[in-house]
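Structural overview
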Amino acid sequence: MNFKPDRDYASILDSQDPLKSYRDKFYIPQKPNGEEVIYFAGNSLGLQPKSVGANVEQELKDWGTMGVEGHMHAKNPWLPYHEFLTKETAKLVGAKLEEVVNMNSLTVNLHLMMVSFYRPTPQRHKILIEANAFPSDHYAVQSQIKFHGYNPAEALIEMKPREGEAIIRTEDIESLIKKEGDSIALIMFAGVNYYTGQAFDFESITKAGHEKWCVVGFDLAHAAGNLILNLHDWDVDFAVWCNYKYLNGGPGAIGGAFVHKKHLLDMNIPKFWGWWGQDKATRFLMRHNFQPIPTVESWQLSNPPILQLAALKASLDIFDEAGMDALRGKSEKLTGYMEYLIDEKNDGNIEIITPKGVKQRGCQLSLRAKTNGKSIHKKLNRAGVVCDWREPDVIRVAPVPMYNTFTDVWKFVENLFK
Ligand SMILES: *Cc1c(COP(=O)(O)O)cnc(C)c1O
């Protein structure tokens, strides 16, 4: 794309943005002087849709006026409430309706999926993960390995980039799987690495894994609502994600899970059971023989938090209206524009460690400051930029297409080199 460096050009891009009206559907935090901040932390906690209040209010009202009757008679009955989010969720991750459910939270769902899909044997008990995966994912896989009586020091393979490189090459992942695959039970990668912003090649990793009979799962915390996903067609075995980052479901929002259709009726897959996984026709007969729902809903344990689902539904409705294709189209432009402006102004102190190619990244750029990283981050904060610092040396910025503007990006880069 051909950009220009002046501020007027940012205004032109904003005026031509087909999604420009969406910003107004969100509350934008303000500085003490009433000016809106430049919010580039949508990869940590997405902003609040203005429609969340009314959605939650509706459930509070029905709870207040109906009590337990709300399960059947609320405007949006609570008994099937999670089903009201299924269609939008399936579209977001590229899944069939029976393959997705919103339940629990991310790390909990990761454990539940590993109960089912990490089935180690003495010959095949290893887990392959990115070396710089998010700590919670590291803890989860280590504890699962120990739970099965193996030693993480031996059973956990951590994929590192080549010496001197920040990004893991797909060909290196493929050749490692080829070499070690016979001993790997589970390949567990992020969709987008939280630190570098690298988007992994789902299809190649899944294919390489399946050729060696490994189960392949993805953590979509930084991918859902950010990338175009086609989990079903890519033949991914399972995936989990949180709904509070790009998906704006609110702090601690209920999480999401995907299990590929081919596994749904496999009765040999171990699973933890709870009454919300029980067949809906017989659930309230209160019998003690478990008959699973023939969908991913059979992984549900408890009846879900309705207020959380109500908040998430507000956001998913907006995603559905805007459409991931349009969002991704704007996102590539917005992040590309940021990269262009940084390259224009760079004094040599800032290195963008996120891959250059749009196929290998989402919204986020990870900026490594050679010197004074922390004080640059402080300076940005003082100027009203909300972005985060990740030890040891990276400033993460995520211009998100739903509510960020090209002018936000322009102002940010001005402040970065001030
Ligand atoms: C944000 C994030 C988490 C957080 O886990 P929770 O269970 O939602 O607290 C875990 N893993 C990854 C990769 C993340 O990006």
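If you're wondering where the values come from, they're calculated on a predicted model, not measured in any experiment.

Here we take up the overall build of the protein chain. Secondary structure assignment for the protein chain yields 15 helices and 13 strands. The globule rule puts the C-alpha radius of gyration for 418 residues at 22 Å, and the 22 Å found for the protein chain is close to it. Dimensions of the protein chain along its principal axes, counting C-alpha atoms only, are 70 × 60 × 30 Å. Total accessible area computed for the protein chain in this model is approximately 18300 Å², and 54% of it derives from carbon and sulfur atoms. Distance between charge centroids for the protein chain: 2 Å, based on 48 positive and 51 negative side chains.

A few words on the pattern of salt bridges. In total, this model carries 28 salt bridges according to the counting rule given. As a salt-bridge pair, E98 and K261 come within 3.4 Å of each other at their nearest N and O atoms. A residue pair is termed long-range when its members are at least 10 positions apart, and E98 in the loop between α4 (86-93) and β2 (100-103) and K261 in helix α11 (residues 261-264) qualify at 163 residues. Overall, E98 belongs to the partly exposed group, its relative accessible area being 25%. For K261, a relative accessible area of 41% translates into the label partly exposed. Close ionic contact of R390 with D388 constitutes a salt bridge, the shortest N to O distance being 3.6 Å. Among the residues examined, R390 registers a relative accessible area of 28% and is labelled partly exposed. Connected through shared salt-bridge partners, E339, D343, K356 and R361 make up one network.

We now examine the packing of aromatic side chains. For the structure on display, the rule yields 18 aromatic pairs. Relative to F290, the ring of W273 lies with its centre 4.4 Å away and its plane at 20°, an arrangement referred to as stacked. One end of the pair, W273, is in the loop between α11 and α12 (306-322); the other, F290, is in the loop between α11 and α12, and 17 residues separate them in sequence. Between W276 and F284, the aromatic rings sit 6.4 Å apart at their centres with planes inclined by 90°, giving edge-to-face as the arrangement. Among the aromatic residues, those joined into a cluster by ring pairs are F3, Y337, Y340 and F406. Sitting over the face of the ring of Y22, K25 holds its NZ or CZ atom 5.4 Å from the ring centroid. Over the aromatic face of F134 sits the side chain of K245, whose NZ or CZ is 5.1 Å from the ring centroid.

The next subject is α4. Burial runs high along α4: six of the eight residues are buried. Taken together, the buried positions of α4 are occupied by T86, E88, T89, A90, L92 and V93. Buried-residue contacts for α4 involve β2, α10 (231-234), β7 (238-241), α12 and α13 (324-345). Two residues or fewer past α4, G94 is found with a positive phi of approximately 70°.

We now examine the site of the ligand. If you check the shell around the ligand, you find L106, T107, F134, D137, D219, A221, H222, Y244 and K245 and nothing else. In the model, a nitrogen atom of the ligand is placed 3.4 Å from a nitrogen or oxygen of the D219 side chain. In the environment of the ligand, an oxygen atom lies 2.5 Å from a nitrogen or oxygen atom belonging to the side chain of K245. Protein burial of the ligand: of its 390 Å² of free accessible surface, 83% is covered by the chains. The class makeup of the residues in the shell around the ligand is four nonpolar, two polar and three charged.

About the thresholds
- Residues numbered from 1 in each chain as written.
- Predicted model: local features only at pLDDT ≥ 70, side-chain atom pairs only at ≥ 80, totals over all residues.
- Heavy atoms only, no water.
- Helix = DSSP H or I, 4+ residues; strand = E, 2+ residues; numbered from the N terminus.
- Rg over C-alpha atoms; globule rule 2.2 N^0.38 Å.
- Areas by Shrake-Rupley, 256 points an atom, 1.4 Å probe, with all protein chains shown as cover.
- Lys, Arg positive; Asp, Glu negative; His and termini not counted.
- Charge placed at Lys NZ, Arg CZ, Asp CG, Glu CD.
- Salt bridge = Lys/Arg side-chain N within 4 Å of Asp/Glu carboxyl O.
- Buried < 20%, exposed > 50% of the residue type's maximum accessible area, 1.4 Å probe, protein only.
- Phe/Tyr/Trp six-rings, centres within 6.5 Å; stacked < 30°, edge-to-face > 60°.
- Lys NZ or Arg CZ within 6 Å of the ring centre and 35° of its normal.
- Contact = heavy atoms within 4.5 Å.
- Near = heavy atom within 4 Å.
- Polar contact = N/O pair within 3.5 Å; in protein donor to acceptor, adjacent residues only side chain to side chain.
- Nonpolar A, V, L, I, M, F, W, Y, C, P; charged D, E, K, R; others polar.

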